Amino acid sequence: MSTELLLAFIAFAFVTSVTPGPNNMMLLASGVNFGVRRSIPHMLGISLGFMLLVAAVGLGLGQMFQRLPVLHDVLRYVGAAYLLYLAWKIAQSGAPQSRENPEAKPFTFIQAAAFQWVNPKAWIMAIGAITTYTPQDGFFSNVLLIAALFALVNCPSVGLWTVAGSMLRKWLDNPRALRAFNIGMALLLVASLYPIIVDTGTF
């Protein structure tokens, strides 16, 4: 991979990772509700799960969507249903130390990694990385390089949202303010369903 292509890919990875999407909305909410330290498994799960998704797409999984278009519809609607469930959980959550919600806990590493496989933005990013930035010469090794680099760029990029959420905690000490914030995050997560429900032909 040439230096120019490598730098272009790093820029692509950063922009796609740091812009709003389901992962970043959930990390912002997690930063507010649980702080940075307790959200670290969530961040690492996103990056590792996404790295495996990119590698799988590069090694042939992406071609399955071309051969079996019905898989695209299955992914869209499973992803939409799961995002609605997550939005409901966020809207219902309160401060983890509150009596009304003593069992609140952040996403685990496994949950965050598994979510990438039904996250429409993650699929768009993975397919874009493989089709645009992966040279055909030495394709196998380039796929692994792209997947690893994407994870390295992705983790600190999504972490910015967790840090931003943590910085908001002191302004959201009031339970009503926190509830309003969580409902707002849930609505934004629901809004991210638009490209899933409306078939844009991305996959």
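Residues numbered from 1 in each chain as written. Predicted model: local features only at pLDDT ≥ 70, side-chain atom pairs only at ≥ 80, totals over all residues. Heavy atoms only, no water.

- In the annotation of an unreviewed UniProt entry, the protein is listed under the name LysE family translocator and assigned to Ectopseudomonas alcaliphila.
- The heading Subcellular location (unreviewed entry) in the UniProt record of the protein holds the text "Cell membrane". (UniProt positions renumbered as here; feature names shortened; annotations may be inferred.)

With respect to the overall build of the protein
Turning to step 1, where the next piece is worked out: The number of helices and strands found in the protein is 8 helices and 0 strands.
Turning to step 2, where the next piece is worked out: Counted from the first residue to the last, the protein has its helices and strands arranged as α-α-α-α-α-α-α-α.
Turning to step 3, where the next piece is worked out: Across the 203 residues of the protein, 47% fall into the buried class.
Turning to step 4, where the next piece is worked out: Of all intrachain contacts in the protein linking residues separated by at least 6 positions in sequence, the fraction that spans at least 24 positions is 85%.
Turning to step 5, where the next piece is worked out: When the accessible area of the protein is evaluated, it comes to approximately 10600 Å², of which 68% is carbon and sulfur surface. (Helix = DSSP H or I, 4+ residues; strand = E, 2+ residues; numbered from the N terminus. Buried < 20%, exposed > 50% of the residue type's maximum accessible area, 1.4 Å probe, protein only. Contact = heavy atoms within 4.5 Å. Areas by Shrake-Rupley, 256 points an atom, 1.4 Å probe, with all protein chains shown as cover.)

Structural notes on the nonpolar core
Turning to step 1, where the next piece is worked out: Residues Phe-115, Phe-181 and Met-185 are the most contacted members of the largest nonpolar core, which totals 24 residues.
Turning to step 2, where the next piece is worked out: Here this core gets 8 residues from one element, more than from any other, and that element is helix α2 (residues 22–67).
Turning to step 3, where the next piece is worked out: When sequence neighbours within four positions are dropped, the list of residues in contact with Met-185 reads Met-25, Leu-28, Ala-29 and Ile-90.
Turning to step 4, where the next piece is worked out: By size, the runner-up hydrophobic cluster in this structure holds 21 residues, among which are Phe-9, Phe-12, Phe-50 and Ala-129. (Core = buried A, V, L, I, M, F, W, Y, C linked by side-chain atoms within 4.5 Å.)

What about the environment of Phe-50?
Turning to step 1, where the next piece is worked out: With respect to the helices and strands, the residue Phe-50 is situated in helix α2.
Turning to step 2, where the next piece is worked out: Overall, Phe-50 belongs to the buried group, its relative accessible area being 2%.
Turning to step 3, where the next piece is worked out: Note: C-alpha distance between Phe-50 and Ala-122 (72 residues apart in sequence) is 6.9 Å.
Turning to step 4, where the next piece is worked out: Not counting chain neighbours up to four residues away, the residues in contact with Phe-50 comprise Gln-116, Ala-122, Met-125, Ala-126 and Phe-150.

A word on the packing of aromatic side chains
The geometry of an aromatic ring pair is captured by two quantities: the separation of the ring centres and the angle between the planes.
Turning to step 1, where the next piece is worked out: Counted by the stated rule, this structure contains 7 aromatic pairs.
Turning to step 2, where the next piece is worked out: An angle of 35 degrees between the planes, with centres 5.0 Å apart, marks the rings of Phe-12 and Tyr-133 as tilted. Of this pair, Phe-12 sits in helix α1 (residues 3–18) while Tyr-133 sits in helix α5 (residues 120–133), placing them 121 residues apart in sequence. The same class applies to Phe-12 and to Tyr-133, which are both buried.
Turning to step 3, where the next piece is worked out: Members of the aromatic cluster, joined through ring pairs, are Phe-9, Phe-12, Phe-50, Tyr-133 and Phe-150. (Phe/Tyr/Trp six-rings, centres within 6.5 Å; stacked < 30°, edge-to-face > 60°.)

Focus on the UniProt feature "transmembrane region" (unreviewed entry) in the protein
Turning to step 1, where the next piece is worked out: Under the local residue numbering, the UniProt record ascribes the feature "transmembrane region" (unreviewed entry) to residues 44–62, 74–91, 143–168 and 180–197.
Turning to step 2, where the next piece is worked out: Helix makes up 100% of residues 143–168 and strand 0%, and the two end C-alpha atoms of the span are 38 Å apart.

Let's talk about α1
Turning to step 1, where the next piece is worked out: Under the 1.5 Å per step criterion, the end-to-end length of α1 is 22 Å for 16 residues, consistent within 8% with the ideal 22 Å.
Turning to step 2, where the next piece is worked out: Every buried residue of α1 is accounted for by Phe-9, Phe-12, Ala-13, Thr-16 and Ser-17. Buried residues along α1 cover an arc of 115 degrees about the axis, so they all sit on one side. Those residues of α1 that are exposed and angled more than 90 degrees off the buried face are Thr-3, Glu-4 and Leu-7. (Expected span 1.5 Å × (residues − 1). Arc of directions from axis to C-beta.)

Remarks on a nonpolar patch on the surface
Turning to step 1, where the next piece is worked out: A surface patch of nonpolar side chains, amounting to about 270 Å² of accessible area, comprises Phe-14, Val-15 and Leu-160.
Turning to step 2, where the next piece is worked out: You can see Val-15 is positioned in helix α1.
Turning to step 3, where the next piece is worked out: What makes Val-15 partly exposed here is its relative accessible area of 46%. (Patch = residues over 30% accessible without salt bridge, like charges linked within 9 Å, V, L, I, M, F, W, Y side chains within 5 Å. Salt bridge = Lys/Arg side-chain N within 4 Å of Asp/Glu carboxyl O.)

So, the packing of α1 against helix α6 (residues 139–168)
Turning to step 1, where the next piece is worked out: Across the interface, α1 lies against α6 with an axial gap of 8 Å and an inter-helix angle of 40 degrees. Note that α1 runs across α6; the crossing there is right-handed. In contact with Leu-6, Phe-9, Ile-10, Phe-12, Ala-13, Phe-14, Thr-16, Ser-17 and Val-18 of α1, α6 contributes Ile-146, Leu-149, Phe-150, Val-153, Asn-154, Ser-157, Val-158, Leu-160 and Trp-161.
Turning to step 2, where the next piece is worked out: Among the residues making up the contact of α1 with α6, the classes are represented as 14 nonpolar, 4 polar and no charged. (Axes fitted to C-alpha atoms, helices over the stretch in contact; angles between N-to-C directions. Left-handed = near helix turned anticlockwise from the far one by under 90°. Nonpolar A, V, L, I, M, F, W, Y, C, P; charged D, E, K, R; others polar.)

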